Amino acid sequence: MRSADTEFIGGPLDGRILPILLGPFNGVPKTYRVPVPAHGDVPAGTLVYVRAKQHRGARWHWRYEFDGPASGHAPDPSAVTPEQSGPTPE
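Residues numbered from 1 in each chain as written. Predicted model: local features only at pLDDT ≥ 70, side-chain atom pairs only at ≥ 80, totals over all residues. Heavy atoms only, no water.

Things to note about the packing of aromatic side chains
By the definition in use, this model includes five aromatic pairs. Each ring, one from phenylalanine 8 and one from tyrosine 49, has its centre 5.1 Å from the other, and the planes form 85°; the classification is edge-to-face. Of the two residues, phenylalanine 8 sits in strand E1 (residues 3-9) while tyrosine 49 sits in strand E4 (residues 45-56), which places them 41 residues apart along the sequence. Exposure remark for tyrosine 49: the relative accessible area of 0% places this residue in the buried category. (Phe/Tyr/Trp six-rings, centres within 6.5 Å; stacked < 30°, edge-to-face > 60°. Helix = DSSP H or I, 4+ residues; strand = E, 2+ residues; numbered from the N terminus. Buried < 20%, exposed > 50% of the residue type's maximum accessible area, 1.4 Å probe, protein only.)

Topic: the nonpolar core
In this structure, Phe8, Leu13, Ile20, Leu22, Val28, Val34, Val36, Leu47, Tyr49 and Tyr64 together form the largest nonpolar core, which totals ten residues. Those elements that provide at least two residues to this core are strand E3 (31-36) and E4. (Core = buried A, V, L, I, M, F, W, Y, C linked by side-chain atoms within 4.5 Å.)

Observations concerning the environment of alanine 38
Within the fold, alanine 38 resides in the loop between E3 and E4. Those residues in contact with alanine 38, other than ones at most four positions away along the chain, are Pro43 and Ala44. (Contact = heavy atoms within 4.5 Å.)

Section: the confidence of the model for the protein
Summary statistics for the protein give a mean pLDDT of 80 and a share of 78% for residues scoring 70 or more. Residue range residues 75-90 is modelled with pLDDT below 50. Its contacts to residues more than four positions away, or to other chains, number twelve contacts. (pLDDT = per-residue confidence, 0-100.)

Remarks on the pattern of salt bridges
Pairing is possible between side chains that carry opposite charge, provided their charged atoms lie close to one another. In this structure the tally under the stated criterion is one salt bridge. The partner of glutamate 65 in a salt bridge is arginine 63, and the shortest N-O contact between them spans 2.8 Å. (Salt bridge = Lys/Arg side-chain N within 4 Å of Asp/Glu carboxyl O.)

Thoughts on the sheet that holds E1
Here we have five strands laid out as an open sheet, ordered E2-E1-E5-E4-E3, and mixed in their pairing. Of all the strands in the sheet, the pair left with one neighbour each is strand E2 (17-21) and E3. Across the sheet, the mean angle from the axis of one strand to that of its neighbour is 40°, orientation sign disregarded. Of the pairings in the sheet, the one linking E3 to E4 comprises six bridges and is antiparallel in character. Residue pairing in the sheet places valine 36 in a bridge with glycine 45 of E4. (Pairing = 2+ DSSP bridges. Axes fitted to C-alpha atoms, helices over the stretch in contact; angles between N-to-C directions.)

Structure (structure tokens):
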């Protein structure tokens, strides 16, 4: 399958360039979800990145911008401070 090196802006993947599999029309998906495993007292969650256009040189390219944790999921464990690591209200 084909892939495209895609830049991530914001969130825990800020500044990384990862190969993203292309869809049937050679485009990257509109959203990219990153599963975050449980860590200590923080439950597993999902981070969401949304697709945005980026102008590089004479062409447009896609990049992903951080949209935050998915609804109803915990934030990234590396971004949680000790005072926030308690149980979350439901």
